[in-house]
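Spelled out, the chains give:
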Amino acid sequence: MIMRIVLVGIFALMGVVFGVWGYTYFTGGDLSSTASAKTYGAPFTLLDQKNRPITEAALRGHPSAVFFGFTHCPEVCPTTLFEMDGWLKELGDEGKNIRAYFVSVDPERDTPEVMDNYVSNVSDRITGITGKPEDIAAMAKSFGIYSKKVPLEGGDYTMDHTASVLLIGPSGDFEGTIAYQEDRKAALAKLKRLASES
């Protein structure tokens, strides 16, 4: 019986030792690595619709709703932007701390000026974001966003892309999505939960 207790103790100690070794090996023993594990997306430096630099800091300190699309989008993007504006208006003071962003997946056409004209016609609560194609591509990839240029007849093109709104918490952590044409009550409930974190 005593031998069994000793063996159990030895195995437990070995488990702790290997656990600490594994943690140190994979994280470098840096406690901040676990603190930042929830942070969603990689750092970025892009331009807002007023041609001012904008970084991942814009998604910190408050809840955010982020949608990736493009100004030449025939249906999904304008519909989603109008819905986002409507949700925020309906939430009123309850959602006043939520910031909304529209990130272009077509920066070749969506200059800051184009984004400003487009977004300003829809909402004063949504900020347009664009930038260099390679920088936009890197940001989209880090946020798990799919986008692809699709050629059209006559040399034109459109963009396939993820159509969900991403919900980001004040610490930059991922809080869920609102699907394209999701039920209004469900979308508002998700935004209320997001707003409660501010």
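Right above here is the structure, for reference.
Our subject in this report is the structure included herewith. (Residues numbered from 1 in each chain as written. Predicted model: local features only at pLDDT ≥ 70, side-chain atom pairs only at ≥ 80, totals over all residues. Heavy atoms only, no water.)

1. Details of the overall build of the chain
Okay, so step 1: A tally of helices and strands in the chain yields six helices and nine strands.
Okay, so step 2: Considering only residue pairs separated by 6 or more positions, the chain has 68% of its internal contacts joining residues 24 or more positions apart. (Helix = DSSP H or I, 4+ residues; strand = E, 2+ residues; numbered from the N terminus. Contact = heavy atoms within 4.5 Å.)

2. Looking at the layout of surface pockets
Okay, so step 1: In this model, the largest pocket occupies a volume close to 160 Å³.
Okay, so step 2: What lines the largest pocket is Val105, Asp106, Pro107, Glu108, Pro133, Ile136, Ala137, Ala140, Ser147, Lys148, Lys149 and Met159.
Okay, so step 3: Per element, the largest residue contribution to the lining of the largest pocket is four residues, and it comes from helix α5 (residues 133-142). (1 Å grid on protein atoms, 1.4 Å probe; cavity = no way out; pocket = protein on both sides within 12 Å on 5 of 7 lines; lining within 4 Å. Points joined across faces, edges and corners; volume = space filled by probe spheres on them.)

3. Let's talk about unusual backbone geometry
Okay, so step 1: One non-glycine residue, asparagine 51, adopts positive backbone phi at about 70°.
Okay, so step 2: Examined against the element boundaries, asparagine 51 turns out to sit in the loop between β1 (45-48) and β2 (53-55).
Okay, so step 3: Looking at asparagine 51, the relative accessible area reads 48%, which means it is partly exposed.
Okay, so step 4: The backbone phi angle of glutamine 181 is positive, close to 60°, even though this residue is not glycine.
Okay, so step 5: Structurally, glutamine 181 is set in the loop between β9 (174-178) and α6 (184-195).
Okay, so step 6: A residue is classified by how much of its surface remains accessible, and glutamine 181, at 51% relative accessible area, is exposed. (Buried < 20%, exposed > 50% of the residue type's maximum accessible area, 1.4 Å probe, protein only.)

4. Re the sheet that holds β9
Okay, so step 1: Spatially, seven strands are ordered β2-β1-β5-β4-β3-β8-β9 in an open sheet, and the strand pairing comes out mixed. Sheet topology places β2 and β9 at the edges, where each strand pairs with a single neighbour. Recorded for the sheet is a direction-independent mean angle of 35° between the axes of neighbouring strands.
Okay, so step 2: In this sheet, β2 lies alongside β1 in antiparallel orientation, the contact comprising three bridges. Bridge pairing links leucine 46 to isoleucine 54 in β2.
Okay, so step 3: Its contacts with the sheet put α6 on β3 (64-69), β8 (165-168) and β9, and the angle it makes with β9 is roughly 160°. (Pairing = 2+ DSSP bridges. Axes fitted to C-alpha atoms, helices over the stretch in contact; angles between N-to-C directions.)

5. What about the environment of valine 122?
Okay, so step 1: Within the secondary structure, valine 122 sits in the loop between α4 (112-120) and β5 (126-130).
Okay, so step 2: Along the sequence, valine 122 and aspartate 85 sit 37 residues apart, while their C-alpha atoms lie 7.5 Å from each other.
Okay, so step 3: When residues no more than four places from it in sequence are discounted, the contact partners of valine 122 are Leu81, Phe82 and Asp85.

6. A closer look at the nonpolar core
Okay, so step 1: Counting 47 residues, the largest nonpolar core has Phe68, Met84 and Phe143 as the members making the most contacts within it.
Okay, so step 2: A total of six residues in this core trace back to one element, the largest contributor, which is helix α3 (residues 76-91).
Okay, so step 3: In this structure, phenylalanine 143 is in contact with Tyr40, Gly41, Ala42, Leu59, Phe68, Leu166 and Ile168, ignoring residues within four places of it in sequence. (Core = buried A, V, L, I, M, F, W, Y, C linked by side-chain atoms within 4.5 Å.)

7. Some thoughts on the pairing of β3
Okay, so step 1: For β3, the tally of buried residues reaches six of six residues, placing the bulk of the element in the interior.
Okay, so step 2: Burial along β3 is two-sided: the face carrying Ser64, Val66 and Phe68 and the face carrying Ala65, Phe67 and Gly69 are both buried.
Okay, so step 3: Pairing between β3 and strand β4 (residues 99-104): six bridges, direction parallel. Directly across from phenylalanine 67, in β4, lies its bridge partner phenylalanine 102.
Okay, so step 4: Crossover β3 to β4 through α3 is right-handed.
Okay, so step 5: In this structure, β3 lies alongside β8, joined through four bridges in antiparallel fashion. Counted as the bridge partner of phenylalanine 67 is valine 165 from β8. (Right-handed = clockwise from strand over helix to strand, strands pointing away.)

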